[in-house]
Amino acid sequence: MAFGNLLYGLIILMTLITCWYRRHEISIPQSIRQYGWAYLGMLLCVLPSALISTDIAVTTKYFLNIWVWKVLVIVPILLCIKSSRKLYAILSVFFVYMGIDAVSAFAQYLLGYNLGPGGRAGGVIHGSMMGLAMLLTLAFPLALIAAYDKRFPSYVRKSAVFSLFGMLLGMWGNQSRGSWLFNGINGALITLRYCFVNIRYVLVLLVAVVGIGYAFSSNQAYVARFESTFNISTDGSNLGRIYVWEADKQMIMDHPVTGVGPGLWQKTYREHYKLKQETQDLGHSHNNLLQIASESGLLGLVGFLGFSIFMFCKSLKHYVKTRNPYDLSILVGLISYLFLFGSVDYTWGNSSGIRMFWIVMAIMIQLKTIES
């Protein structure tokens, strides 16, 4: 992790130095500037919660880390990489990485190596069960779009196909009910969308439904685990989230405008709001909207939703006109990572997950900018 942060810091430093020396040559398209202004607006909505808190040292550090530092990875992509070939290469690496990480989780599951609660695997490369689950929910639909859409080069489509097979195995080893549910919905909808381009993709959907259905029905343990997704009466994992969300509601009511401060959720929760029924001692809200509202108040939540709605509407409007796969990937990635899996886990604050999210978003934004 330390080595990764060092490399990340060097990349950002070299990018800033390059931009300074070539400041007269670098031009930023208006469409990309709009994203920057929208993100700045969100930061200004969240900033008061960092400056008005009981521990400014913690909140400002957390604000700079999560809200500023993590998003800087888009800068070298949007400002310095103007070649679609290089962008496709990075995207292919992402797909191959996800495929390998997912396969490693499957192997880990089969071998019973270093498994977490419930016999779940987080992957040898990444290691985190929930971290892998949220990345699977982000990467699977994007790989499906890349595999279906012929506007991507053949090597990108092949890497996406490899990634899809790997991630199917990874979902088996990871045992995340959220990734099963959300990827199932996304997979069906994306396949149906591309059926208008090639009717044979219906066969892909049917084979997947039959194959996965058979695998589940032949193993009662999988059926029981999937059914537990909707169990809010006895399932401990679900109940823990519900208890935390109830505590969040009270926390938001007590600190409605600017919240308790970024990075202070866990401390505030454990000292003042933790319910006796919640025995897992959870460290965050397991929900992006509630976490942000708790830490940064309704002001921060408005900023977050405003930026998200801006991204969604901008890509939707452009996609309706052009039907390009890049805006579709932005739409699907945004919804899947921030709002689908983000409804059951705090994906915005996951260090590796949010960086992957921004890398993919930046690649898609740059590709559509180059094409247009």
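Residues numbered from 1 in each chain as written. Predicted model: local features only at pLDDT ≥ 70, side-chain atom pairs only at ≥ 80, totals over all residues. Heavy atoms only, no water.

### Examining the domain arrangement of the chain
Domain boundaries in the chain define domain 1 (44–80 + 256–263 + 284–371) and domain 2 (86–230). Computed over C-alpha atoms, the centres of domain 1 and domain 2 are 23 Å apart. Opposite the 32 residues of domain 1 that make contact, domain 2 presents 28 residues. Interface of domain 1 and domain 2: buried area, both sides summed, is about 2500 Å²; carbon and sulfur atoms make up 77% of it. In this structure, the connection of domain 1 to domain 2 is made through 1 salt bridge. Our enumeration of links across domain 1 and domain 2 arrives at 5 residue pairs in polar contact (both at pLDDT 80 or more). For the side of domain 1 that touches domain 2, the secondary-structure elements that each account for two or more residues are α13 (288–322), α14 (325–340) and α15 (351–371). The biggest single contributor to the side of domain 1 that touches domain 2 is α15, with 12 residues. When its residues are assigned to classes, the side of domain 1 that touches domain 2 shows 18 nonpolar, 11 polar and 3 charged. (Domains from an automatic or database assignment. Contact = heavy atoms within 4.5 Å. Buried area = accessible area lost by both parts, 1.4 Å probe. Salt bridge = Lys/Arg side-chain N within 4 Å of Asp/Glu carboxyl O. Polar contact = N/O pair within 3.5 Å; in protein donor to acceptor, adjacent residues only side chain to side chain. Helix = DSSP H or I, 4+ residues; strand = E, 2+ residues; numbered from the N terminus. Nonpolar A, V, L, I, M, F, W, Y, C, P; charged D, E, K, R; others polar.)

### Focus: helix α11 (residues 236–254)
The first and last C-alpha atoms of α11 sit 27 Å apart over 19 residues, in line with the 27 Å expected at 1.5 Å per residue. When we look at burial in α11, the residues that qualify are N238, L239, G240, R241, Y243, V244, A247, D248, M251 and I252. Buried-residue contacts for α11 involve α6 (129–148), α8 (177–195), α12 (265–273) and α13. (Expected span 1.5 Å × (residues − 1). Buried < 20%, exposed > 50% of the residue type's maximum accessible area, 1.4 Å probe, protein only.)

### As for helix α7 (residues 154–174)
An ideal rise of 1.5 Å per residue puts 30 Å on 21 residues; α7 measures up with 29 Å between its terminal C-alpha atoms. Elements that come into contact with the buried residues of α7 comprise α5 (84–111), α6 and α8. At the exit of α7 stands Q175, carrying a positive phi of roughly 60°.

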